[in-house]
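Listed here are the chains, written in short residue letters.
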Amino acid sequence: MGPMTPSSLLLAVDPGTIVTGLAIFRDGKPWYTGIIEADRKMPVDKRISQIMSRFEAFLELSLRMPTAQRITAVACEQWRGPRNPYLQTLITSMGQHVRSQKLEWHLYNNSMVTASVAPRGFRVTAKERKRQGVLALYPSHGWDMVSEDEIDAIAVGHYHLAQQREAALLGATTLNTR
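Worth saying up front: this structure is predicted, and the values here are computed from it rather than measured. (Residues numbered from 1 in each chain as written. Predicted model: local features only at pLDDT ≥ 70, side-chain atom pairs only at ≥ 80, totals over all residues. Heavy atoms only, no water.)

Here we come to helix α2 (residues 85-100). Look at α2: 23 Å from first C-alpha to last across 16 residues, which is about the 22 Å you get at 1.5 Å a residue. Every buried residue of α2 is listed here: L87, L90, I91, M94, G95, H97 and V98. Looking straight down α2, one finds that the buried residues subtend no more than 165 degrees of arc, so they occupy a single side. In this fold, the buried residues of α2 make contact with β1 (9-14), β2 (19-26), α1 (44-63), β4 (71-78) and β5 (104-109). With a side-chain oxygen lying 2.7 Å from the backbone nitrogen of Y86, the N-terminal cap of α2 falls on N84. Following α2 by one or two positions, K102 adopts a phi angle in the positive range, close to 65 degrees. (Helix = DSSP H or I, 4+ residues; strand = E, 2+ residues; numbered from the N terminus. Expected span 1.5 Å × (residues − 1). Buried < 20%, exposed > 50% of the residue type's maximum accessible area, 1.4 Å probe, protein only. Arc of directions from axis to C-beta. Contact = heavy atoms within 4.5 Å. Polar contact = N/O pair within 3.5 Å; in protein donor to acceptor, adjacent residues only side chain to side chain.)

If you want it as structure tokens, here you go:
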């Protein structure tokens, strides 16, 4: 599929087995953020089912909207290396569902996402650098009041859009799509 048009809606996802962050980008800017939260007391397999059910419902709602308000692509952060296998199960399930809805699915390495927004040279945690970077990139949106998971989702969306702009400049027709 080709690059997103200015009117396309991108859903950016920071997956988690307790809290999953979401950000919708419209016209290249974060437009909406939210979270899907599972009950911490539930076993992890039940939490994944709960998150997936809510994620699927969120996408289904988008697909019932008028064309101009539908999500057309989903970008998701993925951790490399040894990580929670349940998290990988969640990411795989999300990707299968997104593709079954005939939407674009993009996976991005977490360290690349962080590097795209986090300013260097500050003596603070990577998470705080990511927050500072998102606030600097999108200052007029009031993102200082959103959760860490929502900030992470905004960073995923920012990275995806930067990759799309770069591909368009280079004349490339494919991105990291799976």
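A few words now on the packing of aromatic side chains. To describe a pair of aromatic rings, you give the distance between the ring centres and the angle between the ring planes. The full count for this structure, using the stated rule, is three aromatic pairs. For the pair Y108 and Y159, a centre-to-centre distance of 5.1 Å together with 80 degrees between the ring planes defines the contact as edge-to-face. In this pair, Y108 is assigned in strand β5 and Y159 in helix α5 (residues 148-170), connecting sequence segments 51 residues apart. Classification of Y108 by relative accessible area gives buried; the value is 3%. By relative accessible area, which is 10% here, Y159 ends up buried. One residue, R26, lies across the ring of W31, its end atom 4.5 Å from the ring centre. (Phe/Tyr/Trp six-rings, centres within 6.5 Å; stacked < 30°, edge-to-face > 60°. Lys NZ or Arg CZ within 6 Å of the ring centre and 35° of its normal.)

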